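One letter stands for each residue in the lines below.
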Amino acid sequence: MVGSVGVGARLEVSTSTEINGEIEYLPEDLVPVVLAENNEVTNGVQMILPYAVTEPEADDEITGEREAYMASILEKYKRSLVERTKHQLGYPTRVYVNYGALSNLQHFCINNCGSPFIESAYSIHSRQFEVGVLDWFARLWGIQKDEYWGYVTTGGTEGNFHGILVGRELFPDGILYTSEDSHYSVFRAAQMYRMNYVKVDSLISGEIDCTDFKAKLLLNKNKPVVGTFAEIRLQNNHKEKPNNVMADSILNISIHDSSILHFFAGTTVKGAIDDLDRVIKILKTTGFGEDRFYIHCDGALIGLMMPFVKRAPKISFEKPIGSVCISGHKFLGCPVPCGVHITRLNHIKALSRNIEYIGCQDATLMGSRSGHAPIFLWYALNQKGHRGLQKEVQMCLKNAQYLKERLHASRISVMLNEFSNIVVFEKPRNEEFILYWQLAVQGNLAHVVVMPNITVAQLDEFVRDLAEKRAIWLREGKHQPFCAADVGKENCACPRHQ
Ligand SMILES: Cc1ncc(COP(=O)(O)O)c(C=O)c1O
C-alpha cells in the first residue's frame, strides 16, 4: 500500500518480497525510507524538500496504486511548473515551444558519445541531426564545412570550458584575459585548468574596458607570464617563461550577458556586448600577431540574437577568433540544457584522440552526450528558420525597450544596453518579491530578461506590482532609491541625479 505516502510523510515500506514462494528479505540498510519533515531553512537558504524514491509494495502492480501515486506527484509537480513559469522573468529560458512531435523518441537511450562527424560502435545516436545543426551554425558564423569542428554541448558553460581548453592547448603558458563581468564559468575554467588569468575592468554598461585591457596587455608584454598576472595565482605546474618573452594571450570575449543564477559574479547581469573588433585591433597594435592569441566568444544568449539584428556587431570566423558557443535552452528554448560549440578544425587536432572502446575519435569534454539535445535543436531551428528567429529577436528588443520605458516612467533607475533584451534596474529590497518574480540579482541590481514568451501583459503586471510595493517600501523606510554608480548617471532616478 502506498496510500499514506506523501511529501514530508514517514513511509511504511514492506521489507520482504516473495519470489517463487521464497521470502527474500531486503538488505537492512535499504529498508527504512524517511522523508524530510519540513522545508528547512539552513543559513538563510531554503533547502529542497525531496520527493523520495519509495519502494513498490508486492501488490502494487495489481492494485495500480503505485502508478496512481506517481501520477499524482507528477501532476502536482507539473502544476507548480506552470505556476512558476508565469512569474519567471529573471532568467533567459523560455517555454511554450511545442516539442510534442518528439515525445515518441523519449524512451530511446540516444547517446552521441565521441565525435559527431564519425560513426561509432554505438549506433543508437542522433549524429545526423547533430551535424545538421552544426552546419547551420557554421554557416551563421561564416566558416566553411570543411574548416570547422564542433559538437552539441550541455550548455554555454561546457562551450566555455572547451573553448578555453583549446586555447590552453595551443598556448600552454598563455594567460587568460577576461572581463570582470564575465560569466563565472570562465573563472572556473581558469581554476580547473590551473591557468593564470587577468581580470580586465568593465565599463558601467558591463562591456570590457578596452583601455584597461590595453594597459594590462602592455604592462605584461615583456614580463614573465607567471606571477605578473597573479591576481589569483593558482597552484600550478606551469614553467615560468623567461624574461622578455611576450605573453601569449587567450581571450574570453563575452558577446552577451544574462543570468541563470542570482549569486554569481559577472556581467551576466547587464547584458553587455564586448567590442570584439576593438579588442582585435588592440591586440594587433600591441604587437600580438594572429599566431599569438586565441579568442573564445561566449555567446550564451545574445550570441544567437545578434546575427538577426542588422546593425549589431558580427561574430564571424572571418575574424581571427578561435571558437564560439551559445546555449540551446536560452533563445532557442530547448527543454533540456544544451548548447552549440564551434571551433576551427585545425585547432582541434591537439585534443583529438582515438578511443577504441567507442570505436570513434573524441575531442569532446564528456563521455556520453545527450542524443536528444541535437534533435531538440534541429527541431527548433527547422520550425523557426532565420525569419522566425529574426521576428522573435525584434519582438524581444521592442518589449525590452517597452519595459525600460515603463520602469523609467515609474521613476525607477533602469538601464538597457543596445541590442540587448536584458533590462537592468534597482534591486527590489524584498526577498519575497524577488522570489515571486524569480528575478536575478547581484549587488544593487536586478534584471528581467525579456524572452519571446514574455508578453506585454506580463510586463505590465510586473511593473504595476513593483511600483505599488516599492511605494510602500519607501514609505516604510525599508528601501532607498539607488544611485548612478551601478547604471550610470543618465539612467539614474535617485533624487540626486534626477
Ligand atoms: C555570458 C554567459 N556565458 C555562459 C553562460 C552559461 O551558460 P549555460 O547556462 O548554458 O551553461 C551564461 C548563462 O547565463 C552566460 O550568461
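Residues numbered from 1 in each chain as written. Predicted model: local features only at pLDDT ≥ 70, side-chain atom pairs only at ≥ 80, totals over all residues.

The next point concerns the packing of helix α3 (residues 127–140) against helix α9 (residues 372–409). Interaxial distance between α3 and α9 falls to 8 Å at its minimum, and their mutual angle equals 50°. When the axis of α3 is compared with that of α9, the two are oblique. For the element pair α3 and α9, the recorded crossing hand is left-handed. Along its contact with α3, which presents Phe 129, Glu 130, Gly 132, Val 133 and Trp 136, the element α9 presents Pro 374, Ile 375, Leu 377, Trp 378 and Leu 381. (Axes fitted to C-alpha atoms, helices over the stretch in contact; angles between N-to-C directions. Helix = DSSP H or I, 4+ residues; strand = E, 2+ residues; numbered from the N terminus. Parallel < 35°, antiparallel > 145°, perpendicular 65-115°, else oblique. Left-handed = near helix turned anticlockwise from the far one by under 90°. Contact = placed C-beta atoms within 7 Å.)

Among all positions of helix α7 (residues 276–285), only Leu 276, Val 279 and Leu 283 are buried. Buried residues of α7, seen end-on, are gathered within an arc of 60° and therefore sit on one face of the element. For α7, the exposed residues set more than 90 degrees away from the buried face come down to Asp 277 and Thr 285. Of the residues one or two after α7, Gly 287 is the one with positive phi, at around 95°. (Buried ≥ 20, exposed ≤ 12 C-beta atoms within 10 Å, placed from the backbone. Arc of directions from axis to C-beta.)

On to the packing of α9 against helix α11 (residues 456–475), then. At their nearest, the axes of α9 and α11 sit 10 Å apart, and the two run at 20° to each other. Taken together, α9 and α11 sit at an angle that is classed as roughly parallel. α11 is crossed by α9, and the crossing has right-handed handedness. Side by side, α9 and α11 meet where Asn 399, Tyr 402, Leu 403, Arg 406 and Leu 407 of the first sit next to Val 456, Leu 459 and Val 463 of the second.

Pairing within the open sheet is antiparallel, and its four strands lie in the order β14-β15-β17-β16. Each of the sheet's edge strands pairs with one partner strand only, and the pair in question is β14 (414–416) and β16 (440–442). Across the sheet, the mean angle separating the axes of adjacent strands is 25° when strand polarity is ignored. Where β16 lies against strand β17 (residues 445–449), three bridges are found, and the strand directions are antiparallel. By the bridge assignment for β17, Val 441 is matched with Ala 446. Sheet strands touched by α9: β14, β15 (422–426) and β17. Its angle to β14, the strand with the most contacts, is close to 160°. (Pairing = 2+ DSSP bridges.)

This part takes up the pairing of strand β9 (residues 293–298). Where burial is concerned, most of β9 is hidden: six out of the six residues are buried. Neither face of β9 is left uncovered, since the one carrying Phe 293, Ile 295 and Cys 297 and the one carrying Tyr 294, His 296 and Asp 298 both have all their residues buried. The pairing of β9 with strand β10 (residues 323–327) spans three bridges and is parallel. Each residue of the ladder has a partner; that of His 296, found in β10, is Ser 323.

The sites that carry the UniProt feature "modified residue: N6-(pyridoxal phosphate)lysine" (unreviewed entry) are, in the present numbering, Lys 330. With respect to the element layout, Lys 330 can be found in the loop between β10 and β11 (339–344). Setting aside chain neighbours within four positions, we find Lys 330 in contact with Pro 92, Thr 93, Ala 300 and Leu 301. (UniProt positions renumbered as here; feature names shortened; annotations may be inferred.)

Below, the discussion takes up the confidence of the model for the protein. Put simply, the protein has an average pLDDT of 82, and 79% of its residues get 70 or more. Of all helices and strands in the protein, the one with the weakest mean pLDDT is strand β1 (residues 16–19) (60), whereas α3 scores best (98). Throughout residues 223–247 the model reports pLDDT below 50, and contacts reaching past four residues in sequence, or to other chains, amount to 39 contacts. Contacts from residues 255–266, a stretch scored under 50 in pLDDT, to residues over four places away or in other chains number 51 contacts. (pLDDT = per-residue confidence, 0-100.)

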